[in-house]
Structure formats: structure tokens, C-alpha cells
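This is what each chain is made of:
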Amino acid sequence: MSYSRRDFFKTGTLGGAAFLSTHQLSALSGSQRANSSPKVLPTTISDSPLALDLSPARWVWYPSQRTLPNTFILFRRQIRIENGLKSAKGWILGDSRYQLDLNGQRIQWGPPPADPRYTEADPIDLTEQLQVGENVLGATVLYFGMGDGTWPVGKPGFIFKLDLEYQSGLKETVVSDGQWQAYLARSWQPGHYKRWYLRALQEEFDANLYPYGWSTPEFKPGQDWLPVQELRGTAHFTALSTNSSDYLYNSSAGATTTQLRKRSIPLIVEKDIKEVKLVTSHTVKWQRPIQEYFEMIPPDAYQVVAQSVVEETGDANWSFQAKGEGTGVVLTFSFQEQMVGWPFFTIEAAAGTTIELLVHEAHVPQSEGGPAIMNSHFHSWSRFVCKEGVNRFMPFDYESVKWLQLHIHHATGPIKVSDVGLKRRLYDFPNAPNIKVDDPKLQQLIDASINTIYNNAHDTIVDGAGRERQQYSGDIGHELHALYSVFGESRLPARYLNTFSQGLTVDGFFLDTWPAYDRLNRLAQRQLGLTPWGPLLDHGIGFNFDCYHHYLYTNDKTALSEVFPRLTRFFVYLKELRRADGMLPVEDIGIPTVWLDTDAYQQQRHKQCAFNLYAIGMLQGAFAPLCQAFGQDELAKDAQRFGQQLWESTIAQFWDQGEKAFVCNLPWSLEEGTTRYCERSLAHAILFHLCPKGQTQRSIALLSNPPNNLGRCYPANANWGLWALAQAGQTEAIFQDLHSRWIQMASVASNNSMQEAWYAQPDARSQWSHAAIAPLFLTYMDLAGIRPLEPGFERIQIRPQPGPLQLLELANYTVKGPLDYRLSGSKGNRRLRVSLPAGCTVELLVDEREELPYPRAKSELAGLQKFILQGGKQYEMRLAFS
């Protein structure tokens, strides 16, 4: 059966210069694509505005023929600075991670996770830190060697360039070359084992082997400091293109042309947090060797023998006596909220005293029945061995932390612990959040969502910084809405779009975590059937939405210039994937897979309805308008046709004429003896106008009062149902959900963050700061009702739906400037005040009974009327019905 319907979305005028040359356009003619897929639109990187050439700098490394995993190299260069320095700026990159010091002081840590073909150098500005006379540049470079959630693959290498300019006009350049010295830092054992699947570094640091003071002018390098090896390779390619050896994976650039690039986002801000509380202390007696426990975690390895063994001797100082061989003293600290950064502490103890620093996102203290050693979160510990006297320790790589534990052993004599804290990582957002509501539960959810963004949005957009630290699309891409509106940030989303899209496979689907090791490894595992986790096709669909939303929020096509051809390749892949039944399959599709909130479905085949509706919405409402924006009208029509075909096939198989709703197991309902719905199918059908003849009543009713046979999304995708309810004007159901499910999340109260699943367990692998921040962006998009209708906020919709709120005050940061919004009062007597940025037109949608002194326009939504407001003005009005 076939239904005619209007377009899925009204996208406004989407102009733009032609993206392809004439001969490329001919390859996409309608006659050719009637029976075959269009050719892939090529992308070139040679003229990227981010391209960087650091000549005459050289890629350098420690003189060697191989580099073991988790090897640390110290690079040192002494320079002299004369009077009158005007500027000292340049670039630095170490593969895999570096820390830059100057004269013994930490300057910065990097680089951002990147595709090894397009690694990004970090900018440096040492103008204020350099001193007249002798200075020492020091770089600690860690080579992972084994895959990490922030590093898929690469080669060891270091490159540096610093341009000096004096007031006199004199210019000098300091570059990485043969004048640098390198030291193999055995304070970290080269070749040390991996922490877990997605964390390369299981850090063990011996202070007795560390050359303290090495990055100061006073230090005198010994014979272990060797002249660096200059690698073969040019300063505009990445380390992958050098002759440096990747002996473990045998990676090389091969035929790939790599390109060194500039960092496109601000450097991470580092802030010391010292608001920490000692919660408990106890002594454990080891039944098995301590080293064996941390390597293997055998059962019954220890027992608790004493409580409260530490004396607080002053402000944040804790002292105790060593307890003897085979005994460990455990101090457990808690921060006020969950954060991401580098935990640190100071300890005064005898040489050889050993400390395991453990971190966790959620923990029940041993004094309250929890585990004595909180080693239950992906082996999240680092080990430090003291030199005699005072030691200040901080892991080299960052952690996700709410709880911090120190296990101290192999000690003699008195021990003093002090200065416990965290060097927090924070993105340098252009604006601080400004949002206030009178509902304390919603405000708590909003605050927890904001803190979650602080934890998840750094160099990349990740799902959680404890388990994976990987950049995803799909459910994680929803975070972008908050970055645009709450923070006014578009640089980080632009980098996300570019770097994620670089994970396009030769087959045409996206690695749904990129740049990261996970799905790269899954490709091999899927060949042998060793994992259900193939690259997720639904995340590739979500990525198309991410790209379109970026264009809609920013009107920035430049950020999509390399991305768009990759979207077209994915479009071709989807067309090739379609089967004889006219639908996209969700089973037996080879290497990739379809996820779609697995817990909401009893069987994989139940996902086919939602997956196809999701794809239809993407084709019609995201990919097609992007094609128009890039001047590819024929390609846009092809996407529309493909969407129409999928829609007709999905209706034929999954639309229940009696129920007047999509039933996700309709083809098998008799066989299974039950009827099942899913939140994603119902929500997509409403949002993308996919219910035949506009019959949405049943779908809205099911979402408003979910029955037991409705499969529901996990938190990071629950926004789909909430968006659909908002579109249907069902604000009461939204608040019911926020007050019943969302506020019950344990992480909200304990960690000021949003957890991954509806239930999170402490002292386990649960993620307590994830991407489920729907309460935040929903407040902007649907309660305040602010959405861009045309790219760059040329035209804006404001549709207030505050529900029971009597105060909703926020600043929505747009590319045209802030939109200040204040709604107060109860329904029937509300005051709305909006201050609009210049250069926009606003469509105010309110109850059709409202009488306002503004120009009217026709509303497409029943029961609402539209008033036109002009940008650059402030409006204040009374709403008697909205």
C-alpha cells in the first residue's frame, strides 16, 4: 500500500555554491541513479585550512630500532633568551601523549585524540614564561603502542617548533633536531602491560629512578642522555609517515597521504581541586602477594584487620605508622562531585614505600559494608614507589574520579599524607551556563547535566571518561545541542564532525567510535564471530543528523567540506544494503551491526522498524537538506526517493491498521503470541511525520502512558520520546517522566552527574557520568521552545511549553549573539520577556486564543498561532492561555 504525504521537514531556503565540478555532477545524473547508486563524492585534504608545515623541524625519537608499548622518553633542549623578547609561539606534538615543561614547570599536556593520518599539533605560547638567560624546554612523551580509547594506532615521534621574536626585530627559531637530547625514562618500565581493553597505560612509577630537575637549567645531563635520532619524514606529514618502527602492529602510512594539522580547539584548562574529604581509613592484611592481586585479582587476597588507623594532624594532613610486612594502610577520599583530571597527593615516607592510587566513579566505603580495596572499575589504579622523604605524585594520564583511594604498603616508620586533590580538565567554553528554573528537581537534573558536559566534552565528545573515553555519534551526538545553546560553542562540534567522519571505512560505513581503538579491533573480531559489537550503523545515521544540526545552528559549511563527501559514501552504502523486501536489514549484515537501545527489544529483528524509520528521517530531514546546501539538488532528490521507498516498505510490514501505530514485531506477532511497541519507532514516526495520514494519536498515547509491552530507550536516547511528546504538546507527560525516572538516578544526588543506565551500581562497571543530558537540552529546545528554523538562526522558533514551571530563565547562545529568555508566573497569567539577537526573525508559537500586538502568520500546528518578532529588540508580553 502506498501513501502520499508532505515533506518530512520544512528546512527553509538552503542555498550554496556548487560543491562538485561539472564532470562529477554528471556522474550523479538522475537517469544514472534511477537504477544504480551514485558515485562517491571525493574529498581532498591538500588545501585544508588546518594543514600545518613545521619545517625546518624534524620528527625525532630516542635512538632505537623498536619502541616497546608504554615507553616514556624525556626530550631536553637548552636555549638562551636575550632581553627584549616580544613573542615566543609555536607548535608541539608527541605521539602518543606529551607533557611540556619549561624550567621545571608544567606548561601543558596533549595532544587531542586524532586519526593517525591527521594528527593535530598543539599551539604553544611561552612568551610570559621564558626568562632572560638560560632556559630548558622539556617534553615527556609517552608512546602507547597498544590501542586506547583515545588512540587507535600510530608511531612514536616528537616534533617541535618555537618562533622567537624580539623587540629589535631579531627572529630565531627553535625546532626539534639533532641539538635535542633524549633519555629513556626507566622510572616507568618500558613494555609494561596494558590496563584494560581501552586503556593503554597501567602506570607504575618508581621515583628512585626518575631524574628529578631534568627540565631545569641547573641539571647536568649524564651519559644516559643521547642525541636524538632524526627520523626520515617531512614536517607536514604525521609520525605515521616516518621511518619510525611500529613493531607491535607493523603499521605504516602505506599509500595513505598523511597530513599534520593545527589544533582546531582551545587548549584544555587545568584547575586544581582540593575540596576533598577523608571518608574512612583501615588496615588490610594480605593473604596473597600484593603484586599478584593487582595483576590477577585472585579471591580472598586480603582481610580487614583494623579501622580508623589514620590521625588527621592538621589541615588536610594525615599521619600514621607503617604497619609491617604484608600489611597495607588504606585511605579513602571523596570529592564533592564527579570530575575528570589528574588525581594527586603528597607523601612523606621512607624509600621503597609503595602506593596504589585507585579511582572510582561510585563507591560504598568499607565502613558501610563496601569493599576494602575499590579495584572494581576496569583496573583503574596507578602505582608509585617513593624515594626517601617528600614525594608528590600524579598519574601521567587523566582519570574519571569521584572517589580516590591510597593503598600504602612496603613501608617503615612514620608516614604523612597531604595535599590530596585533582587537577581537573575543563574545556575552555566561550560562555558560562545561565539557566534557572523554580522546580528543584529539574534544576538538579540541569546542574548534573552541565557537570556531565564538563566531564565528557574535552578534546573529543565521549560517552564516559572512565570506561572508554571514546568519541561516539548516535546517542552521544545529542550532547551537541547543549554545546551550541548552553555554552555557545561550535568549535568543538566542528572538530567532532571532522574527526569522527575520518573513521569512514572502505566499505562505506562509519566506525562509530573514532578516533579510537575499539571498532578498529572489532573489525577483526567480527570476522571470527568473537563479538556482537560491530560498527553501529544506527550511529552512522545519527551522525548525519549531527552534521545537519551543526549547519542549522551555525550556517557553517566549511566545517562540513571534508565531511559531506563521506556522508554521500554512507548514503551509497545504505542503498546497497537494502534487500528484496524493500527495507534495510538489521540481521546478517556482515561486519557492522544495528544497536538501537538493545534493552528495548526482545529480539534483534524487532529493531528493523525503528531502524528504517530512523533512516527515513535522516534521509529526508538531514542528508537531503545538506545535499541542497552543497548545491547537490539531484542527490537530494535521490535521497528523498530512497526515503519514500523505505517508508512505503516499512508501512507495509510494520504499520498496524487496527492499532494505527507501528508495531515492532508485527510480522511475527502471531508466532510470538504478543504485540510489542518500541519507543524509537513511535517517536521517529511522530517527529518525522511518518504515521500514514497523520494518524499519531495512538503513538502519542503510548508514549504518554507507556504500557509494559513498550520497549523503552536507555537514558542517552530517551530524548527521542521526550522530543516527540513535546512536539505533540504533551508537557505533563514530560514532567512526569523527569520526576519519576530521571530524578531517581543515583548519580544525580551522589555525583552531580548523569549515569549511563537507569540503574547504576557502585563498586562495579557502571558509568556514572555519561551522555544522558536530555533534561538540559530539552529545557532549551522544548520547555523554552527555542529552535533554529534556518541555518545560523536566521529564523528562530520560540514555542513556550513550561508545563508547571513558574520560572524559566536562561540565555541561549546563538551565532548571532545571546537570546535572553525569561518566563514567569503560572498558566493563565505568565509573563514572557525575550531579548533577541540582531539579524534574525522569530516565529512565536502560542495558544491560538492569545491576543498579542505583533504581526501574525499562518501556523502549521493545530491549536497554535504564530506571531512574528524582529531581531535586535526586546519584547515583554502577558500570556493568558499558554
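How each quantity is defined
- Residues numbered from 1 in each chain as written.
- Predicted model: local features only at pLDDT ≥ 70, side-chain atom pairs only at ≥ 80, totals over all residues.
- Heavy atoms only, no water.
- Axes fitted to C-alpha atoms, helices over the stretch in contact; angles between N-to-C directions.
- Helix = DSSP H or I, 4+ residues; strand = E, 2+ residues; numbered from the N terminus.
- Parallel < 35°, antiparallel > 145°, perpendicular 65-115°, else oblique.
- Left-handed = near helix turned anticlockwise from the far one by under 90°.
- Contact = heavy atoms within 4.5 Å.
- Pairing = 2+ DSSP bridges.
- Nonpolar A, V, L, I, M, F, W, Y, C, P; charged D, E, K, R; others polar.
- Core = buried A, V, L, I, M, F, W, Y, C linked by side-chain atoms within 4.5 Å.
- Buried < 20%, exposed > 50% of the residue type's maximum accessible area, 1.4 Å probe, protein only.
- Patch = residues over 30% accessible without salt bridge, like charges linked within 9 Å, V, L, I, M, F, W, Y side chains within 5 Å.
- Areas by Shrake-Rupley, 256 points an atom, 1.4 Å probe, with all protein chains shown as cover.
- Salt bridge = Lys/Arg side-chain N within 4 Å of Asp/Glu carboxyl O.

### Section: the packing of helix H15 (residues 719–727) against helix H18 (residues 774–783)
H18 packs onto H15 with a crossing angle of 20° between their chain directions and a minimal axis gap of 11 Å. If you check the angle between H15 and H18, you find them roughly parallel. Our pair here, H15 against H18, has a crossing hand that is right-handed. For the pair H15 and H18, contact is made by Asn719, Leu722, Trp723 and Ala726 and by Ala774, Phe777, Leu778, Met781 and Asp782, respectively.

### Focus on the sheet that holds strand E38 (residues 864–870)
Strands sit in the order E31-E32-E36-E38-E37 across an open sheet of five strands; the sheet is mixed. Here the strands that pair on one side only, and so sit at the sheet edges, are strand E31 (786–788) and strand E37 (856–857). Note that strand E32 (residues 795–798) and strand E36 (residues 841–847) share four bridges and pair parallel. What sits directly across from Arg795, in E36, is Thr841.

### What about the packing of helix H4 (residues 440–456) against H18?
The contact between H4 and H18 brings their axes to 7 Å, and the two run at 115°. On H18, the residues touching Leu442, Leu445, Ile446, Ser449, Ile450 and Ile453 of H4 are Pro775, Leu776, Thr779 and Leu783. Residue composition of the contact of H4 with H18, grouped by class: eight nonpolar, two polar and no charged.

### Structural notes on the nonpolar core
Judged by nonpolar contacts, the single largest core of 154 residues is most densely connected at Trp742, Ile798 and Tyr821. The element that contributes the greatest number of residues to this core is helix H10 (residues 608–629), accounting for 15 residues. One finds Leu74, Ile124, Leu137 and Tyr143 within the second-largest nonpolar core, a separate group that totals 95 residues.

### Some words on a nonpolar patch on the surface
A cluster of nonpolar side chains, contributed by Tyr247, Leu248 and Tyr249, occupies part of the molecular surface with about 260 Å² of accessible area. Tracing the backbone shows Tyr249 in the loop between strand E13 (229–230) and strand E14 (261–262).

### What to know about the sheet that holds strand E39 (residues 874–879)
Taken in spatial order, the five strands of this open sheet run E26-E33-E34-E35-E39, and their pairing is antiparallel. Only two strands of the sheet have a single neighbouring strand rather than two, namely strand E26 (435–437) and E39. Strand-to-strand twist in this sheet, taken as the mean axis angle between neighbours without regard to direction, amounts to 15°. In this sheet, strand E35 (residues 830–835) lies alongside strand E34 (residues 817–824) in antiparallel orientation, the contact comprising five bridges. What sits directly across from Asp820, in E35, is Ser835. Along the sheet face, H18 touches E26, strand E33 (807–814) and E34 and points at about 95° away from the line of E33.

### Brief notes about the environment of Ile686
Here Ile686 shows up in helix H13 (residues 679–687). Since its relative accessible area comes to 5%, Ile686 is described here as buried. Sequence separation of Ile686 and Glu204 is 482 residues, and the distance between their C-alpha atoms is 54 Å. The contact partners of Ile686, leaving out residues within four places of it in the chain, are Ser699, Ile700, Leu703, Ala724 and Gln727.

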